[in-house]
Each structure stands twice: as structure tokens, then as C-alpha cells.
Amino acid sequence: MFEQTASWQDVDFDNAARDEDKVRRGFWAKLKRVGAGLPFAEDLLSAYYCAFDRDTPLQVKAALIGALAYFVLPFDAIPDVLPVIGFTDDAAVLATAIRLVAGSIKPEHRAAARAALALR
């Protein structure tokens, strides 16, 4: 009857480490393929730069890596190949993660994201 709420103590850091490896390997390839034209591309890149910043707390990294893994991994609630709506679930997951850790995404992460998008 009582609803259990998740806390940072419940984070599975082993699973987060596996996801981190998948994100590192697949992020840039998927971004090149589909991401630059996405309306949330800057947020996506900002989250990436924050997640891999050495100064980012582990709990924040875990939340962002989970959201980035959802973007990178081929299975998801709404297939990415569907026009227009294919990335709405990815955007929702990313927006939720960013909202949870907004204070950790620094201006440097946003600047790096804008610079990376300008190169494309």
C-alpha cells in the first residue's frame, strides 16, 4: 500500500557503468545519423558533456547516462524510425533527467554543446 520512492542509494552503479560504456561507443554515431536536426540536440549534447565531466557527482552522472543510454540504445518505447514522433520519448526522458540535475549542467557544458553543433 505504501509507495516506495527511489533515492540515490537505490542507483545501480554497476548497471550505470555498463550504460556509460554503451553511451561512449554509440552516442556520436547516432548523433551524426539523426541528432543534429533534433530540436533538443543542444540539451542532448549538454547532458553528454556534463555526464562525462570529471567534476560531475556520481548520482548526476548516473541519471544522465541513463537518459543518454535511452537515446543511444536501439530499443525504446516509440521506435526512432517513425517520422516526427519517433524521438518524443527520447526527448521526454532527457528532459526529465535534465530537470532533476539542472544545477549540475554548467555554462561550459552548454558552450561545448553549441560549439559541437556549429561544427556540423
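Residues numbered from 1 in each chain as written. Predicted model: local features only at pLDDT ≥ 70, side-chain atom pairs only at ≥ 80, totals over all residues. Heavy atoms only, no water.

### Overview of the packing of helix H2 (residues 41-51) against helix H3 (residues 58-72)
Close contact between H2 and H3 brings their axes to 9 Å; oriented N to C, the two are set at 135 degrees. Judged on the interaxial angle alone, H3 and H2 are oblique. For the crossing formed where H2 meets H3, the hand is left-handed. Contact with H2, carried on its side by Leu44, Ala47, Tyr48, Cys50 and Ala51, involves Val60, Lys61, Leu64, Ile65, Leu68 and Phe71 of H3 and no other residues of that element. The residue inventory of the contact of H2 with H3, partitioned by class, reads 10 nonpolar, no polar and one charged. (Axes fitted to C-alpha atoms, helices over the stretch in contact; angles between N-to-C directions. Helix = DSSP H or I, 4+ residues; strand = E, 2+ residues; numbered from the N terminus. Parallel < 35°, antiparallel > 145°, perpendicular 65-115°, else oblique. Left-handed = near helix turned anticlockwise from the far one by under 90°. Contact = heavy atoms within 4.5 Å. Nonpolar A, V, L, I, M, F, W, Y, C, P; charged D, E, K, R; others polar.)

### Quick look at the side chain of lysine 61
Following the sequence through the fold, lysine 61 ends up in helix H3. The charged side chain of lysine 61 is buried without a salt bridge, its nearest counter-charge being glutamate 20 at 6.0 Å. If we ignore the near neighbours within four places in the chain, the residues touching lysine 61 are Ala51, Asp53, Arg54 and Thr56. (Buried < 20%, exposed > 50% of the residue type's maximum accessible area, 1.4 Å probe, protein only. Lys, Arg positive; Asp, Glu negative; His and termini not counted. Salt bridge = Lys/Arg side-chain N within 4 Å of Asp/Glu carboxyl O.)

### Observations concerning the pattern of salt bridges
For the coordinates displayed, the defined rule picks out four salt bridges. Salt-bridge contacts for arginine 110 lead to aspartate 43; the nearest nitrogen and oxygen are separated by 2.9 Å. Within this pair, whereas arginine 110 is found in helix H5 (residues 107-118), its partner aspartate 43 is found in helix H2, the two being separated by 67 residues in sequence.

### A look at the packing of aromatic side chains
According to the stated counting rule, one finds seven aromatic pairs in the structure shown. A ring pair is formed by phenylalanine 27 and tyrosine 48, whose centres lie 4.3 Å apart and whose planes are at 15 degrees; its orientation type is stacked. Residue phenylalanine 27 is located in helix H1 (residues 13-33), and its partner tyrosine 48 is located in helix H2; the two are separated by 21 residues in the primary sequence. Residue class for phenylalanine 27 comes out buried when judged on its relative accessible area of 0%. Taking the centre distance of 5.8 Å and the plane angle of 80 degrees together, the rings of tyrosine 48 and tyrosine 49 count as edge-to-face. A network of ring pairs unites the aromatic residues Phe27, Trp28, Tyr48, Tyr49, Phe52 and Phe71 as a single cluster. The lysine or arginine in question, lysine 30, covers the ring of phenylalanine 71, its NZ or CZ lying 5.0 Å from the ring centre. (Phe/Tyr/Trp six-rings, centres within 6.5 Å; stacked < 30°, edge-to-face > 60°. Lys NZ or Arg CZ within 6 Å of the ring centre and 35° of its normal.)

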